[in-house]
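Structure at a glance
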Amino acid sequence: MSNNLPKVAWIGLGIMGSPMSENLIKAGYDVTGYTLEQDKIDRLVAAGGNGASSIADAVGDADVVITMVPASPQVEAIAYGPDGILENAKRGALLVDMSSITPQTSVDLAENAAEKGIRVLDAPVSGGEAGAIEAVLSIMVGGEQADFDTAKPLLEALGKTIVLCGPHGSGQTVKAANQLIVAVNIQACAEAVVFLEKSGVDLAAALDVLNGGLAGSTVLTRKKDNFLKRDFAPGFRIDLHHKDMGIVTDAARNVGAALPVGGVVAQLVASLRAQGDGGLDHSALLRSVERLSGSRV
């Protein structure tokens, strides 16, 4: 390990966190990880990282602490309290929260951390599991320019498009907009798939030609096979997109922005979850359209 690189603590080794932390190890960083499941910590150790027995153990001498957990309650659980990051990280450490949470949670975290001499960036990502594995994530960041400059080399080992979007919370706001666009896009693709199939068209051929024109998108490129094979193994679970649609509809209400189509898709995501599909990939919005159209599910 190169000694001049900052020491990194990584909290949260799930679908995204595991491959991302491994990409930091490949880039030469000394990474110590902690998560709730021991087998995930073992995976990090097998990749060349260090395992920790607690959050306090992981963050104690870290220069940079990176967190990647599901939602606001988990961020608060790992950040606050006697066993949390703020009480156990050293003064001057940089906390980079890459979870997707409410903008307000990020603003509050930055304020509370500042009292402990800890700097914070919110740095949620887009690109899903594939983007995490390939290190081509889009990373939207909120916080101070100087802290962004410090974090940028690490973020460049994780993603391809890395942009400071404004003050604390701005990364989360842009991520919320991202999730709005993705959900509406998946819904439009799902409606097209059912329409095409009911019309007796060769679906694979149709999706290929559509993806070559103005209707083409990263969503269609990434999710085409999910639609064709009805393979809904999660890259990004409906449960998490449901959380994100709650974030964007709430934040939009707070600033006075109308999301008429987003509101409808938020309800379709909620409906899918209520029907027991919360653990499936968000491309499973197709199942909702199929149910409404009396097709196979």
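All figures in this text were calculated on a predicted structure; none of them were measured in a lab.

Some details on the overall build of the protein
Counting secondary structure elements, the protein contains 14 helices and nine strands. Relative to its length of 297 residues, the protein is compact, with a C-alpha radius of gyration of 20 Å against a globular reference of 19 Å. Considering the protein as a whole, with its 297 residues, one finds that 48% of them fall into the buried category. Taking all contacts inside the protein whose residues are at least 6 apart in sequence as the whole, residues at least 24 apart take part in 66%. Mean positive and mean negative side-chain charge positions of the protein (24 and 34 charges, respectively) differ by 5 Å.

Side note on the packing of helix α9 (residues 170-198) against helix α10 (residues 203-211)
Running from N to C, α9 and α10 cross one another at 135°; their axes reach a closest spacing of 10 Å. The angle between α9 and α10 places the two elements in the oblique class. Crossing handedness for the pair α9 and α10: right-handed. Touching V193, L196 and E197 of α9 are L203, A206, L207 and L210, all from α10. The residue inventory of the contact of α9 with α10, partitioned by class, reads six nonpolar, no polar and one charged.

Notes on the domain arrangement of the protein
Assigned domains within the protein: domain 1 (6-165) and domain 2 (172-291). In this structure, domain 1 and domain 2 have C-alpha centres spaced 28 Å apart. The partner domain 2 presents twelve residues to the 22 residues of domain 1 that form the contact. For the domain 1 and domain 2 pair, buried surface summed over both sides reaches about 1,300 Å², with 57% attributable to carbon and sulfur atoms. Contact with domain 2 buries area across many residues of domain 1, yet S100, P103 and M140 alone supply 31% of it, more than any other trio.

Description of the UniProt feature "domain: 6-phosphogluconate dehydrogenase NADP-binding" (unreviewed entry) in the protein
Annotation from UniProt places "domain: 6-phosphogluconate dehydrogenase NADP-binding" (unreviewed entry) at residues 7-166. End C-alpha atoms of residues 7-166 are separated by 26 Å, and the span's content is 42% helix alongside 24% strand.

Remarks on the UniProt feature "active site" (unreviewed entry) in the protein
The UniProt record annotates "active site" (unreviewed entry) at K175. Within the secondary structure, K175 sits in helix α9. Apart from the residues within four sequence positions on either side, K175 is in contact with S100, P124, V125, S126, M140 and D244.

Let's talk about unusual backbone geometry
Unusually for a residue other than glycine, A135 sits at a positive phi of about 60°. Looking at the element boundaries, A135 is found in the loop between α7 (128-134) and β8 (137-142).

Here's the deal with the side chain of H241
With respect to the secondary-structure elements, H241 resides in helix α12 (residues 238-255). Judged by its relative accessible area of 1%, H241 is buried. Sequence-distant contacts of H241, that is, excluding residues within four places in its chain, are made with Q179, V182, A183, F236, V269 and H282.

Observations concerning helix α1 (residues 17-26)
By the criterion of burial, α1 is predominantly enclosed, with nine of the ten residues buried. Among the residues of α1, those classed as buried are G17, S18, P19, M20, S21, E22, N23, L24 and I25. Where α1 terminates, the next one or two residues include G28, which has phi positive at roughly 100°.

What to know about the packing of helix α13 (residues 260-277) against helix α14 (residues 285-292)
Their axes nearest at 9 Å, the elements α13 and α14 cross at an angle of 90°. Of the possible angle classes, the one that applies to α13 and α14 is roughly perpendicular. Only L285, R287, S288, R291 and L292 of α14 make contact with α13, whose side of the interface consists of L268, V269, L272, Q275 and D277. In the contact of α13 with α14, the residues fall into five nonpolar, two polar and three charged.

Concerning the nonpolar core
Soluble globular proteins tend to pack their nonpolar side chains together in the buried interior. Of all hydrophobic cores here, the largest spans 55 residues; its most connected members are W10, M20, L24, V96, M98 and I139. Aside from chain neighbours lying at most four places away, what touches V96 is V64, V65, I66, T67, L121, A123, A151 and L155. Judged by nonpolar contacts, the second largest core, of 30 residues, contains A176, V265, L272 and A284.

With respect to a negative patch on the surface
Taken together, the side chains of E76, D108, E111 and E115 present a region of like negative charge at the surface. Checked against the element boundaries, D108 lands in helix α6 (residues 103-114). Relative accessible area serves as the criterion here: at 32%, D108 is assigned to the partly exposed category.

Cut-offs and rules
Along each chain, the written sequence defines residue order, and numbers are assigned to residues from 1. Totals for whole chains, interfaces and linings use all residues, but because this is a predicted model, local features are given only for residues with pLDDT of at least 70 and pairs of side-chain atoms are given and counted only at 80 or more. Each side-chain value is worked out from all heavy atoms of the structure, with water and hydrogens disregarded. The helix and strand labels rest on DSSP assignments: H or I over at least four residues marks a helix, E over at least two residues marks a strand, and numbering proceeds from the N terminus. We compute the radius of gyration over the C-alpha atoms and compare it with the globule rule, which gives 2.2 Å times the number of residues raised to the power 0.38. The rule is simple: take the accessible area with a 1.4 Å probe, protein chains only, and divide by the maximum for that residue type; under 20% is buried, over 50% is exposed, in between is partly exposed. By the convention used here, residues are in contact when the closest approach between their heavy atoms is within 4.5 Å. Counting rule applied: Lys, Arg positive; Asp, Glu negative; His and chain ends not counted. In plain terms, the charge of a residue is placed at NZ if it is Lys, CZ if Arg, CG if Asp and CD if Glu. Only the stretch in contact is used when a helix axis is fitted, and all axes are lines through C-alpha atoms; the angle between N-to-C directions ranges over 0 to 180 degrees. Geometric relationships in this document are graded by angle, where less than 35 degrees denotes roughly parallel, more than 145 denotes roughly antiparallel, 65 to 115 denotes roughly perpendicular, and other angles denote oblique. Two helices crossing with the near one rotated counterclockwise from the far one by less than a right angle form a left-handed crossing, whereas a clockwise rotation gives a right-handed crossing. Three categories are distinguished: nonpolar for Ala, Val, Leu, Ile, Met, Phe, Trp, Tyr, Cys and Pro, charged for Asp, Glu, Lys and Arg, and polar for the others, with Gly belonging to the last. Domain delimitation in this document rests on an assignment produced automatically or drawn from a domain database. Accessible area that two parts lose when put together, with a 1.4 Å probe and added across both, is what the buried area reports. UniProt positions are given in the numbering used here, feature names are shortened, and annotations may be inferred rather than shown by experiment. The definition of a nonpolar core used throughout is a set of buried Ala, Val, Leu, Ile, Met, Phe, Trp, Tyr and Cys residues joined through side-chain atoms within 4.5 Å. Only residues whose relative accessible area exceeds 30% and that take part in no salt bridge are eligible for patches, with like-charged residues grouped when within 9 Å of each other and nonpolar side chains (Val, Leu, Ile, Met, Phe, Trp, Tyr) grouped when within 5 Å. To measure how exposed things are, a 1.4 Å probe is used in the Shrake-Rupley method; for residues, cover is taken only from the protein chains shown. Whenever a carboxyl oxygen of Asp or Glu lies within 4 Å of a side-chain nitrogen of Lys or Arg, that contact is scored as a salt bridge.

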